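Examining the three-dimensional arrangement
Residue-level listing of the chains:
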Amino acid sequence: MEPQTKRWKGLEYDTDSWVVYPVLSDEQSQDVELIEAYAAPILNKKETSRLVRELNSFFPLNGHQHIKRVRACKEKGTPHPLDILVCLTSDAPDMKVVGLNSLLPSDRVKHDGLGEPFLVKIPARPPLTRPQFELASKHWPTSFHEDKQMTVALKGELFSPPEKAAMHMYMRSAVTAAKAAKDRGMEAVGAVVVNPVTEEVIAVGHDCRHDHPLHHAVMVCIDLVARSQGGGCYTFDSHPACQLIPPTSGTHHNEPDAEKSSQPYICTGYDLYVTREPCVMCAMALVHSRIGRVFYGITSADGALGTKFKVHSQKDLNHHFEVYKGILSKQCEGLNASSDRIQSKCLEER
Amino acid sequence: MGGAEESKSASAESFCPSDAEIQKWMGAAFDVAKDALENGEVPVGCLMVYKDEVVAKGRNEVNETKNATRHAELVALDQLRDWCRRNDLDVTHVCKQTALYVTVEPCIMCAAALCLFNIPVVVYGCRNERFGGCGSVLEVSSAHLPQTGTTFKCVSGHRAEEAVEMLKTFYKQENPNAPKPKTRKE
């Protein structure tokens, strides 16, 4: 028994054992969609700027400003160094044979220095992330306004070691609550609501769906937060691990004016830590509650913050929030495994 | 639970309210919504009907509980549980033969809650363009979510214009519980 406890403790303080990744919207995470276009080799480099000018006015790339007009031909051995994008196939006139003459009236765009057109595939939309940009650029040169924070986040490097240590601590409380639920024969899911400004835990809850089918850990926490604001409609007194954490005095008194003018309003500005990805009911409850950010350990089969839906980035909804996953993933994963499996794994690792 | 109970729940798939029932119960749901409007809550009213008996009535209680999840449907689901307890009936069995009548399409959260409770039929008035979970924003009602209960059938459009008008009336008013603008009275 003893060595096992020691081992778990050792793991719990190791913030390098897990990596946080953002859960992006479909637009940010989808593959690069391609559309067809005609390009043509520039046979005489000196004509390039004139060709760009004339083509820009005759075949403007409306709605596709991310596409660069000219690309360098990478392959050595090609007699011409540049290709130019003539137009999207959807903008091209109907023609029996594809050729410069049918594509470009020579009184508008002089054909000097231009070779015969050919089909290419170009990215349909501007890339939103570096991975999308890198994929898009393989097809045709594309401009990219990089969101530096996003690039860092996608590498799992958005949070500093002290920030990770705090996240580690909050998620550990959620894991502890989940274990308490499991010990009582309930679903092993735990959640914690934190005010990131004061760094105070406001509520801790665990899954109580054996009492009530809708009392998932997130719903329990939302009602506990309501209670902290003088509302709430349930009592979780029979579950000691579901609790409101009274605010510590001191931190608030430093700025009495600030405190008075910003009465908390539902979960506005708060962070939620939950051991596994919330279901669609809980995800939407978090939208209604105006949660600030959500951090979860592992994905779930019916999850609605990344797996089945992305409620946090759903178009048409009036509130959106950032979602991160991977926090304390091993410990969260371990909650779902049977206790024998955890034990045998620990023995193996020793 | 006897065999008769079982065979009835098996017929739940064909369970669908008649026009007369819709007329009657939606009328009652509208009365609940009017009550909500008079009490400064979002005017949505619902009731749950089991074997021609109203077992639950709900209206929005978000402002009085400071809990943004207290929508009419979730309030009614709590009442349905209480009713089953008082009558010593199994909640799951009752739910399988219970229809929800609600003035506005359930939101994404409520649609999932209805799946979790295995409610087979939802009759609603107008679409919910802001939050709807039965097709308007997301389609939860018919989604394949094996961990989140069962799908349900929707019957929509009854007195839709009237339901929309009530919502418009509400949103023209100020929400007294929303955070105050920077300038403070007192």
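Computed from a prediction, not measured in an experiment: that's the story for all the values here. (Residues numbered from 1 in each chain as written. Chains lettered and ligands numbered in written order. Predicted model: local features only at pLDDT ≥ 70, side-chain atom pairs only at ≥ 80, totals over all residues. Heavy atoms only, no water.)

Quick notes on helix α7 (residues 160–172) of chain B
- Along its 13 residues, α7(B) runs 19 Å from first to last C-alpha, staying within 8% of the 18 Å computed at 1.5 Å per residue.
- Among the structural elements, α2 (19–38), β3 (98–104) and β4 (121–126) of chain B are those in contact with the buried residues of α7(B). (Helix = DSSP H or I, 4+ residues; strand = E, 2+ residues; numbered from the N terminus. Expected span 1.5 Å × (residues − 1). Contact = heavy atoms within 4.5 Å.)

As for the nonpolar core
- If you look at the biggest cluster of nonpolar residues, it comprises 101 residues, and the most contacted ones within it are Met281(A), Val311(A) and Met48(B).
- Those residues within four positions of Met281(A) in sequence are excluded, and the remaining contacts are Leu214(A), His216(A), Met219(A), Met109(B), Ala112(B), Ala113(B) and Leu116(B).
- The next biggest cluster of nonpolar side chains, apart from the first, holds 22 residues, and it includes Phe159(A), Val175(A), Ile298(A) and Tyr324(A). (Core = buried A, V, L, I, M, F, W, Y, C linked by side-chain atoms within 4.5 Å. Buried < 20%, exposed > 50% of the residue type's maximum accessible area, 1.4 Å probe, protein only.)

Considerations on the interface of chain B and chain A
- With 35 residues of chain B at the interface, the matching set in chain A holds 35 residues.
- Summed over both partners, the interface of chain B with chain A comes to about 2800 Å²; 69% of that surface belongs to carbon and sulfur atoms.
- Where chain B touches chain A, the interface holds zero salt bridges.
- Summed over the shared surface of chain B and chain A, the result is nine residue pairs in polar contact (both at pLDDT 80 or more).
- At the level of elements, α4 (72–86) and α6 (108–116) of chain B are the ones that each hand at least two residues to the side of chain B that touches chain A.
- Top contributing element to the side of chain B that touches chain A by residue count: α6(B), with five residues.
- Of the residues that constitute the side of chain B that touches chain A, the class distribution is 19 nonpolar, nine polar and seven charged. (Buried area = accessible area lost by both parts, 1.4 Å probe. Salt bridge = Lys/Arg side-chain N within 4 Å of Asp/Glu carboxyl O. Polar contact = N/O pair within 3.5 Å; in protein donor to acceptor, adjacent residues only side chain to side chain. Nonpolar A, V, L, I, M, F, W, Y, C, P; charged D, E, K, R; others polar.)

Describing the packing of helix α8 (residues 217–228) of chain A against helix α10 (residues 280–288) of chain A
Residue and element names in this part refer to chain A.
- Contact pair α8 / α10: the axes reach a minimum separation of 9 Å and the direction vectors enclose 25°. Taken as axis vectors, α8 and α10 run roughly parallel relative to one another. The crossing of α8 and α10 is left-handed. On α10, the residues touching Val218, Met219 and Ile222 of α8 are Met281, Cys282, Ala285 and Leu286.
- Its residues assigned to classes, the contact of α8 with α10 shows seven nonpolar, no polar and no charged. (Axes fitted to C-alpha atoms, helices over the stretch in contact; angles between N-to-C directions. Parallel < 35°, antiparallel > 145°, perpendicular 65-115°, else oblique. Left-handed = near helix turned anticlockwise from the far one by under 90°.)

Description of helix α5 (residues 130–139) of chain A
- Regarding α5(A), the residues found buried are Gln132(A), Phe133(A) and Ala136(A). Summarising the axial view, the buried residues of α5(A) lie within an arc of 100°, below the 170-degree limit, and thus occupy one face. (Arc of directions from axis to C-beta.)

Here we look at the packing of aromatic side chains
- Under the counting rule described, the total for this entry stands at 10 aromatic pairs over all chains.
- An angle of 70° between the planes, with centres 4.9 Å apart, marks the rings of Phe58(A) and Phe59(A) as edge-to-face.
- Each ring, one from Tyr50(B) and one from Trp83(B), has its centre 5.7 Å from the other, and the planes form 70°; the classification is edge-to-face. In this pair, Tyr50(B) sits in strand β1 (residues 45–50) while Trp83(B) sits in helix α4, placing the two residues 33 residues apart along the sequence. Residues Tyr50(B) and Trp83(B) agree in their burial class; the two are buried.
- Here a set of aromatic residues connected by ring pairs shows up, and it is made of Phe159(A), Tyr170(A), Tyr273(A), Phe295(A) and Tyr324(A).
- Taking NZ or CZ as reference, Lys164(A) lies 4.4 Å from the ring centre of Trp18(A), over its face.
- Over the aromatic face of Tyr171(B) sits the side chain of Arg130(B), whose NZ or CZ is 4.4 Å from the ring centroid. (Phe/Tyr/Trp six-rings, centres within 6.5 Å; stacked < 30°, edge-to-face > 60°. Lys NZ or Arg CZ within 6 Å of the ring centre and 35° of its normal.)

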